[in-house]
Amino acid sequence: MLSQSLLEALSSAQSICVLTGAGVSAESGVPTFRSAGGIWEKFRPEDFARFESFIRNPELVWEWYHYRKKVIREVMPNPGHIALAQMQDLVPDFTLVTQNVDGLHARAGSRNVIELHGNITRSYCVDCGLFAGEEEQAVFERTPRCKTCGGLLRPDVVWFGELLPAGAFGKAMEAARRCDVFLSVGTSGVVYPAASIPLAARSAGAYVVEINPEYTDLSPRMNETILGPSGEILPLLVTHLTQRASHEPT
Ligand code: BJW
Ligand code: ZN
C-alpha cells in the first residue's frame, strides 16, 4: 500500500512535519469547507469567513458558529487524529500544524499543535480584545457580548484578509524547512499562506507526501499523492514507524 520511496524515507526520518486540513476531521463527521454538497456550498468560505460579513450580520455569522461548535462538541477524534498523536512519540522531532479550528488533534492527545487558523472554542471581544471566560462561552447567547465592555464577541478564528496568530506561520515554516518527511493531509491546498508550507518543505529537500481521497492543486508539486482517507492511511504510517522503533538499538 505504501510506496518503497515513502517506506525508505520514513525508515531514516529524524524529523517529520504534518499539515492537516478539514479532511482529517471528515471521518469524525465534521463537514469540510469545499466538498460538493456540503453546507459551505451555501455559505462560501471566501464570502462568509470575513470580518466585514460578521460586522454586517453578526447574528447570522454567530448562528453558523453556534451550529459548528455544537457539531464539534458532539464528535470524537478519528483514527487519523489518533495516528498523528501516536506519531509524535515515534520520531525525535515532530511538528503538527493544522488549519483546523476544531481542537480534535489536542483531544486525540497531540501536544503543541500549531493552529494556523485559531480555535472555534474560544471567543474574544472585537472592541477591547479580551477573551471570554469559560462561563461566558458556555452560556448560549445568539450574539454574545463582552462582559467587560459590552462589545461584540467573535470566534477566535482567522478570517480572510486577517493575519495568522503571531509566530504560528514562522514556526510552521521552520519545521517544514528542517523536516525529512512532510505530510499534507486532508487539505485542498487553496488557502494561503498555509498552502505554501508543503512547498517550502519540498524546496528544502523533504520527501513531501499528500494524503487525500482526491487530487488537489498541490498534487503536481508533491513527491507523491496517496489517494485515500486519512483515517486509513495514517495508521499505516504509524505501523511502519513503530516497527522501525522496535528495531532500533537500545
Ligand atoms: C479528505 C477526506 C478524508 C475529504 N481524508 N482528506 C496568496 C495567493 C492567493 C491568495 C492569497 C495569498 N496569500 C493570502 C491570500 C488571501 C487568502 C487566500 O488564501 N485566498 C485564497 C482562497 C484565494 N488568505 C488569507 O486571507 C489568510 N490571511 C493572510 O494571508 O493574511 C495576510 C494578509 C492580511 C491582510 C492582507 C493581505 C494579506 C487567512 C486565511 C484564513 C482562512 N480561514 C478559513 C476559515 C477559518 C474559520 C472557520 O473555520 O470558520 O480557514 S477558510 C477555510 O479554508 C478554513 C480552512 O482552514 C481553510 C482551508 O481549507 P481546508 O482545510 O483545505 O478544507 P477544504 O474543504 O478546502 O478541503 C478539504 C480536503 O479534504 C479536500 O481536498 C478533500 O478531498 C479532503 N478530504 N475527506 C483525507 N477522509
Ligand atoms: Zn470588551
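One can find the structure itself at the top, above this paragraph.
Predicted model only: the values in this text are computed from it and were never measured. (Residues numbered from 1 in each chain as written. Chains lettered and ligands numbered in written order. Predicted model: local features only at pLDDT ≥ 70, side-chain atom pairs only at ≥ 80, totals over all residues. Heavy atoms only, no water.)

Rolled over the atoms, a probe as big as a water molecule pinpoints where empty space is left. By the definition in use, this model includes one cavity of 30 Å³ or more. Taken as a whole, the largest cavity encloses approximately 160 Å³ of empty space. If you trace the largest cavity, you find 15 residues lining it, with V30, P31, F33, R68 and I72 closest to the centre. At five residues, helix α5 (residues 58–74) tops the list of elements feeding residues into the lining of the largest cavity. Here the lining of the largest cavity is composed, by residue class, of 11 nonpolar, two polar and two charged. (1 Å grid on protein atoms, 1.4 Å probe; cavity = no way out; pocket = protein on both sides within 12 Å on 5 of 7 lines; lining within 4 Å. Points joined across faces, edges and corners; volume = space filled by probe spheres on them. Helix = DSSP H or I, 4+ residues; strand = E, 2+ residues; numbered from the N terminus. Nonpolar A, V, L, I, M, F, W, Y, C, P; charged D, E, K, R; others polar.)

Quick look at the site of ligand 1 now. Around ligand 1 lies a shell of 34 residues, among which R34, Y65, R68, T187 and S188 are the nearest. Here an oxygen atom of ligand 1 and a side-chain polar atom of R68 are 2.6 Å apart. Surface burial for ligand 1 is 75%, taken as the share of its 1500 Å² of free accessible area covered by protein chains. At a threshold of 2 Å from the grid points, most atoms of ligand 1 map onto the largest pocket. Among the secondary structure elements, those contributing two or more residues to the shell around ligand 1 are α2 (23–26) and α5. In terms of residue class, the shell around ligand 1 is built from 16 nonpolar, 12 polar and six charged. Two domains each donate at least three residues to the shell around ligand 1, and these are domain 1 (1–30 + 77–117 + 164–250) and domain 2 (31–74 + 119–157). (Near = heavy atom within 4 Å. Polar contact = N/O pair within 3.5 Å; in protein donor to acceptor, adjacent residues only side chain to side chain. Areas by Shrake-Rupley, 256 points an atom, 1.4 Å probe, with all protein chains shown as cover. Sits in = over half its atoms within 2 Å of the grid points. Domains from an automatic or database assignment.)

Of the volumes computed, that of the largest pocket is approximately 890 Å³. Lining the largest pocket are 44 residues, with A22, F33, R34, T187 and S188 positioned closest to its centre. Ranked by residue count, the leading element in the lining of the largest pocket is α2, at three residues. Per-class residue counts for the lining of the largest pocket are 24 nonpolar, 15 polar and five charged. Residues from two domains meet in the lining of the largest pocket; each of domain 1 (1–30 + 77–117 + 164–250) and domain 2 (31–74 + 119–157) gives at least three.

So, about unusual backbone geometry. Omega for the peptide link from Y192 to P193 comes to 10°, which places this bond in the cis form. Within the fold, P193 resides in the loop between β6 (181–185) and α10 (196–203).

Six octahedrally arranged donors around a metal ideally form angles of 90 or 180 degrees; four tetrahedrally arranged donors ideally form angles of 109.5 degrees. At the metal site, the zinc ion (ligand 2) is ligated by C125 (SG), C128 (SG), C146 (SG) and C149 (SG), and these contacts range over 2.3 to 2.4 Å. Of note is the zinc ion (ligand 2), whose four donor atoms meet at the metal with angles of 98 to 118° in an arrangement that counts as tetrahedral. Sequence positions of the residues that donate to the zinc ion (ligand 2) give the spacing C-x2-C-x17-C-x2-C. One end of the pair, C128, is in the loop between β4 (118–125) and α8 (134–138); the other, C149, is in the loop between α8 and β5 (153–157), with 21 residues separating them in the sequence. Its relative accessible area of 37% is what places C128 among the partly exposed residues. (Donors = N, O, S within 2.8 Å, 3.2 Å for Na, K, Ca; no water. Tetrahedral: all angles 85-135°; square planar, octahedral: opposite > 155°, others 65-115°. Buried < 20%, exposed > 50% of the residue type's maximum accessible area, 1.4 Å probe, protein only.)

All right, on to the pattern of salt bridges then. Scanning all chains against the criterion turns up eight salt bridges. The partner of R34 in a salt bridge is E46, and the shortest N-O contact between them spans 3.1 Å. Placement of the pair is R34 in the loop between α2 and α3 (45–48) and E46 in helix α3, with a sequence separation of 12 residues. Note on R34: relative accessible area 36%, which makes it partly exposed. For D93, the salt bridge is made with R178, and the minimal N-O distance between the two is 2.7 Å. Of the two residues, D93 sits in strand β2 (residues 93–98) while R178 sits in helix α9 (residues 168–178), which places them 85 residues apart along the sequence. Its relative accessible area of 22% is what places D93 among the partly exposed residues. (Salt bridge = Lys/Arg side-chain N within 4 Å of Asp/Glu carboxyl O.)

Structural remark: α-helix, 3.6 residues per turn; residues separated by three or four positions point the same way. Of all the positions in helix α6 (residues 79–87), only G80, H81, A83, L84, A85 and M87 are classed as buried. Between the side-chain oxygen at the start of α6 and the backbone nitrogen of G80 there is a gap of 2.7 Å, and the oxygen is on N78.

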